[in-house]
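For reference, the chains in residue letters:
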Amino acid sequence: MSWTNIKLVFLRELRDQLRDRRTLFTVLVLPILLYPFIGMTFLQVSQFMREHPTRIWIVGYDSAQLDVDPPLLVDGQINGDLIDPADAELLELRIDPDIPEELQPYVDRMARGEPDEATDEAEHQKLLAILAEQRIDLLIAFPAQQSDESARPSDTSPDAGDASILDSTSNESADEPDIETNLPPPLDLEIKTPRVVMAGNLARDSSRVARQRVAGVLDQWRSLIIGRTLARNRVPEEATRPFVVEERDLSQVSTRQAMLWSKILPFVMLLWALTGAFYPAIDSCAGEKERGTLETMLCGPAARSEIVAGKLLTIIAFSGLTSLLNLLSMMLSGYLLIRAMPSDGLLAVGPPPLLALFWLVLALVPAAALFGSLALAIAVFARSTKEGQYYLMPLLLVSLPLLMIALLPATELELGTAVIPLTGLMLLLRELIEGDYAAALTFAGPVLLVTFAAVYFATRWAVAQFNNESVIFRESEQVDLGLWLRHLVRDRHDLPSVGEALLCGALILMIRFFGSLMLPAPHSWSDFASTTAITLLAFIATPALLMALVLTRRPSRALLLRFPGFVPLLIGPVLALCLHPAFNLLSKQVLKLYPISPQFEEMSKMLEALFDQAGGLLPILLVIAATPAICEELAFRGFVMSGLSQLKNKWAAIGISAFLFGVAHGILQQSITAAFTGLVLGYVAYQTRSLFPAIGYHLVHNGLSVCYGYWAKHADERPEFANWLIDFGQGGTTLEFTYQVIPSIALVVAGVGLLTWMAWWNPSHQLIVEPASEPDSAGNGTAES
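Residues numbered from 1 in each chain as written. Predicted model: local features only at pLDDT ≥ 70, side-chain atom pairs only at ≥ 80, totals over all residues. Heavy atoms only, no water.

Focus: the overall build of the protein chain
To keep things clear, this is the line we draw: Each helix is a run of DSSP H or I of at least 4 residues and each strand a run of E of at least 2, with the numbering of both proceeding from the N terminus. Note on exposure labels: buried denotes an accessible area under 20% of the residue type's maximum, exposed denotes more than 50%, and partly exposed covers the range between, all computed with a 1.4 Å probe on protein chains only. Working rule for contacts: check all heavy atoms of both residues, and any pair within 4.5 Å makes them a contact. Residue-level accessible areas treat just the shown protein chains as cover; the underlying method is Shrake-Rupley with a 1.4 Å probe.
Across its full length, the protein chain holds 30 helices and eight strands. Put simply, the protein chain has 785 residues, and 40% of those count as buried. Partitioning the contacts of the protein chain with sequence separation of at least 6, the portion at a separation of at least 24 is 78%. Within the structure as shown, the protein chain displays about 43600 Å² of accessible surface, and the carbon and sulfur contribution to it stands at 63%.

What follows is the structure, encoded as structure tokens:
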């Protein structure tokens, strides 16, 4: 690779990008103008941001009848002891001492304490219409008080109290001290508890605000009534408060001020790094296709890897520059805006810390490289600038959820989140900006490892895309549904295409997701068995079988249904037996990284109870091991991987099919383990050129987990070799068994040896890759490799 050629390509691309007005506007003009304009608009709009008064309708309030101290209303206004004067101005009161006739039925229902469900819907709508007509935000009703003799003691005289005590202690020993006789007589408290009912249309913001304001007034009213009642009876108010809570914030002022910026700035940096990389990549690839200059560059002395390197450096430079200018403009605008606003105003936060800029610039290098590589690989695939712009949305849809995870309040930097691309980088930046260097240093290694691994694979993908002639020189296509359907049926091949394989995987995921939501929850073993069978047969196997029958000439070859020989047929089950300890350990580590929620724990216990109804081990093996092994392998290692093999990249076909296989399991912890298992399953199917060894592997892998879990709970049915191989511990669930150290090491070493032997094994059957060949002039097709 010549650095001189890379430099020449880089300078050429840089010059072309600087001539493009759209690029200059996105990179230079937009960041400089955007945030000052937002700040200026905020200052102008903040002058009109004020709290609006809410209209309150109080009906049935009679201070003489209630006879409570203090009263709620004084001279037609809220008692000044209950509300600040500024807040009182926000309550526009309409007071009716009597309950209007049109409100009487509804108020009577509320007085009896009937729930809203007991109220007729027409009555609800009638009340809402009345409130809307009167422009009332909240109704406060005081239903008529009913006498309640039980609220007052029947006899509070000391003599009566003593007599009752003597009667209750007449059977006690005279030698024991009579503690209860030393108690004072009960207080003569007449307690009146008026019912206050609030009703409003809480679907409207004004009603919710009115409810919040009135709730504060009523809470203060309740506290004052309690305090004054206790004071009249010479009871200290502290008796109702057995303890006092005092809060102490131990965080530093700088940390509190940086808390908001630690979430905003990394998000803005990564989002603009993506945006700044995409548009130069489109112009550098799809734009050159439209201008016809790409062919000239390919005919030059620079190798394709050097062209890719020069273009990638240009895209990274524009990505980093766009993100950096946005950060500088945002931080400067935020600093000036916060200085202009009062400290107790709407922006009660500190200015952005300058040290944050240092950490953001450091993280910007790998972020720009990652987004630049992804943008270049996608832009090469586009035939035109217009088409390339459509590809920005899928990239955003993948990136934004990863960025949003780090913004969730409960998300913390730990090993489980550190290994998630983009999420771990955002969380690491948040810890650095907030000054928690200990946590940042602890997980900096996994975050950087995952980030640079993502950069490496994205770069490799970009180079592979640029070296693929069918990608660079794709012809324009016209969308015609009829022609496309006829093409699918008429121009069929032995194997599905890459697009058909991906479509099959997407259909399976979509059908399984919506279908599983429609199926009822199982309540017995028969329900669970039928639900599992329907899910696997109808939602997973059927789409693959139908697409193989309709879209391929030889469905058996498309599904890899060939007999590989006895030796390859035995490889799958033996390899599953050898690698099962490793995958059992992997599943436990995944559970440590991502603990399951209590809801899933309850679900697993319910499934264990259903398994106990199965009546033995064989039915569980048929449902949990045999059926998934057949159905899932037909779909993912059969149709999907055979179609992906036309990428002419073995590991890409295996990896994508394993990813889809993992996602199909639904639960995160299970999906991670299933994806790694799918890698081995795909490798076995690819090397043996047959689906049957993969089915055997899948059957034994699931069967071992089922058997060990069953034997953990049924020790009387456990064979002797299981005690030598497995430490069952306390038993109870499928994850509470552990392999013995020495047997597990021996098995894993044997499994690695089998995988190594398979890597050097070269069977006589041809590769499952089917090259696209057209008939020659004589009508004969070219020979397959």
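Structure's up, so let's keep going.
Brief notes about the side chain of Thr322
Position of Thr322 relative to the elements: it lies in helix α11 (residues 304-340). Overall, the relative accessible area of 0% leaves Thr322 in the buried class. Excluding anything up to four places from it in sequence, Thr322 contacts Thr26, Val27, Pro31, Trp272 and Gly276.

Let's talk about the environment of Asp87
One can find Asp87 in helix α4 (residues 85-88). Residues Asp87 and Val217, spaced 130 residues apart in sequence, show a C-alpha to C-alpha distance of 9.9 Å.

What to know about the packing of helix α20 (residues 498-518) against helix α25 (residues 617-644)
Formally: Orientation is described by lines fitted to C-alpha atoms, with helices fitted over the stretch in contact, and by angles between N-to-C directions that extend from 0 to 180 degrees. Note on angle classes: values under 35 degrees are labelled roughly parallel, values over 145 roughly antiparallel, values of 65 to 115 roughly perpendicular, and the remainder oblique. By convention the crossing between two helices is left-handed if the near helix lies anticlockwise of the far one by an angle smaller than a right angle, and right-handed if it lies clockwise. Note on residue classes: Ala, Val, Leu, Ile, Met, Phe, Trp, Tyr, Cys and Pro are nonpolar, Asp, Glu, Lys and Arg are charged, and everything else, Gly too, is polar.
Viewed as axis vectors pointing N to C, α20 and α25 meet at an angle of 150 degrees, and their least axial separation amounts to 6 Å. Compared by their axis directions, α20 and α25 come out roughly antiparallel. Pair α20 / α25 crosses with left-handed handedness. Seen from α20, the contacting residues are Val498, Glu500, Ala501, Leu502, Cys504, Gly505 and Ile508; seen from α25, they are Ala635, Phe636, Phe639, Val640, Gly643 and Leu644. Of the residues that constitute the contact of α20 with α25, the class distribution is 10 nonpolar, two polar and one charged.

A word on the pattern of salt bridges
Let me state the cut-off plainly: We define a salt bridge as a side-chain nitrogen of Lys or Arg found within 4 Å of a carboxyl oxygen belonging to Asp or Glu.
The full count for this structure, using the stated rule, is 20 salt bridges. Salt-bridge contacts for Arg12 lead to Asp16; the nearest nitrogen and oxygen are separated by 3.7 Å. Within this pair, Arg12 and its partner Asp16 are both found in helix α1 (residues 3-19), separated by four residues, close to a single helical turn. A relative accessible area of 21% means that Asp16 is categorised as partly exposed. Through salt bridges that share partners, Arg12, Glu13, Asp16, Arg19, Glu288 and Lys311 make up one connected network.

Considering helix α14 (residues 392-407)
Quick note on the threshold: Working rule for helices: expected span equals 1.5 Å times residues minus one.
Over its 16 residues, α14 runs 22 Å from end to end, which matches the ideal 22 Å to within 8%, given 1.5 Å per residue. For α14, the full list of buried residues reads Leu392, Leu395, Leu396, Ser399, Leu403 and Ala406.

A closer look at the pairing of strand β1 (residues 54-59)
Inclusion rule: We call two strands paired when DSSP finds no fewer than two bridges between them.
Along β1, five of the six residues are buried, which leaves the element largely enclosed by surrounding structure. One ladder, built from four bridges, connects β1 with strand β5 (residues 138-141); its direction is parallel. Among the inter-strand pairings, Val59 is bridged to a residue of β5, identified as Ala141.

Focus on the packing of aromatic side chains
Our working definition: Stacked, tilted and edge-to-face pairs are distinguished by plane angle, under 30 degrees for stacked and over 60 for edge-to-face with tilted covering the rest, among Phe, Tyr and Trp rings (Trp via its six-membered ring) whose centres lie within 6.5 Å. Comment: the charge-over-ring label is applied if NZ (Lys) or CZ (Arg) is within 6 Å of the ring centre and within 35 degrees of the ring normal.
Throughout the structure, instances matching the rule amount to 17 aromatic pairs. Look at Phe278 and Tyr279: their rings are 6.4 Å apart centre to centre, the planes differ by 85 degrees, and that puts the pair in the edge-to-face class. Looking at Phe278, the relative accessible area reads 1%, which means it is buried. Relative to Phe566, the ring of Phe563 has its centre 5.4 Å away and its plane inclined at 80 degrees; by these criteria the two rings are edge-to-face. Sitting above the plane of the Trp57 ring, Arg94 keeps its charged end 4.2 Å from the centroid. If you follow Arg637 out to its NZ or CZ, it ends over the ring of Phe661, 4.3 Å from the centre.

Points about the sheet that holds β5
The four strands are arranged β4-β1-β5-β6 in an open sheet whose pairing can be described as mixed. Edge strands, defined here as strands with exactly one partner in the open sheet, are β4 (91-96) and β6 (197-199). Each neighbouring strand pair of the sheet contributes to a mean axis angle of 20 degrees, computed without reference to strand direction. Sheet topology places β5 next to β6; three bridges connect them, and they run antiparallel. In the sheet register, Ile140 faces β6, and the bridge partner there is Met198. Running at roughly 55 degrees to β1, helix α8 (residues 205-232) makes contact with β1, β4, β5 and β6 of the sheet.

Quick look at the nonpolar core
What counts here: What makes a nonpolar core is a set of buried Ala, Val, Leu, Ile, Met, Phe, Trp, Tyr and Cys residues whose side-chain atoms join them at distances within 4.5 Å.
Grouped together as the largest cluster of nonpolar side chains are 69 residues, with contacts concentrated most on Leu265, Met269, Leu270, Leu376 and Phe466. Elements with a contribution of two residues or more to this core: α9 (253-291), α10 (294-298), α11, α12 (354-381), α14, α16 (423-434), α17 (437-467) and α18 (469-472). Sorting elements by how many residues they give to this core places α9 first, with 16 residues. Other than its neighbours up to four places away in sequence, Leu265 contacts Leu327, Met330, Met331, Ala356 and Leu360. Listed in part, the 44 residues of the second largest apolar core include Ala501, Ala635, Phe639 and Val684.

Digging into the packing of helix α23 (residues 566-593) against helix α27 (residues 668-688)
At a minimum axis separation of 10 Å, α23 and α27 run at an interaxial angle of 160 degrees. Relative to α27, α23 is oriented roughly antiparallel. Crossing of α23 over α27 shows right-handed handedness. Between α23, through Pro568, Leu575, Leu579, Phe583, Leu586, Ser587, Val590 and Leu591, and α27, the contact on the second element is made entirely by Gln669, Ile672, Thr673, Phe676, Thr677, Val680, Val684 and Thr688. A breakdown of the residues in the contact of α23 with α27 according to their chemical character gives 11 nonpolar, five polar and no charged.

Here we look at unusual backbone geometry
A positive phi angle, close to 55 degrees, is found at Arg234, a residue other than glycine. Within the element layout of this structure, Arg234 appears in the loop between α8 and α9. Positive phi, close to 70 degrees, is recorded for Leu422, a residue that is not glycine. Note that Leu422 resides in the loop between α15 (415-418) and α16.

Re the confidence of the model for the protein chain
Operational definition: Summary of the metric used: pLDDT quantifies the predictor's per-residue confidence within the range 0 to 100.
On average, residues of the protein chain score 80 in pLDDT, and 84% of them reach the 70 mark or higher. A low-confidence stretch, residues 147-180 stays under pLDDT 50, and its non-local contacts, those more than four residues away or across chains, total 11 contacts.

Side note on α16
End to end, α16 covers 17 Å across 12 residues, agreeing with the expected 16 Å (1.5 Å per residue, within 8%). Along α16, 11 of the 12 residues are buried, which leaves the element largely enclosed by surrounding structure. For α16, every residue scored as buried is listed here: Thr423, Gly424, Leu425, Met426, Leu427, Leu428, Leu429, Arg430, Glu431, Leu432 and Ile433. Positive backbone phi, approximately 90 degrees, marks Gly435, located one or two places after α16.

A few points about a nonpolar patch on the surface
Which entries qualify depends on this criterion: Residues qualify for a patch when their relative accessible area is over 30% and they have no salt bridge, like charges being joined within 9 Å and the nonpolar side chains of Val, Leu, Ile, Met, Phe, Trp and Tyr within 5 Å.
Taken together, the side chains of Phe25, Leu28, Val29, Ile32, Leu33 and Leu321 make up a nonpolar region of the molecular surface, amounting to roughly 520 Å² of accessible area. If one sorts the elements of the nonpolar patch by residue count, helix α2 (residues 21-46) sits on top with five residues. Mapped onto the secondary structure, Phe25 falls in helix α2.

Re the side chain of Ser329
Mapped onto the secondary structure, Ser329 falls in helix α11. With residues near it in sequence (within four places) discarded, Ser329 still touches Pro31, Ile32, Tyr35 and Pro36.

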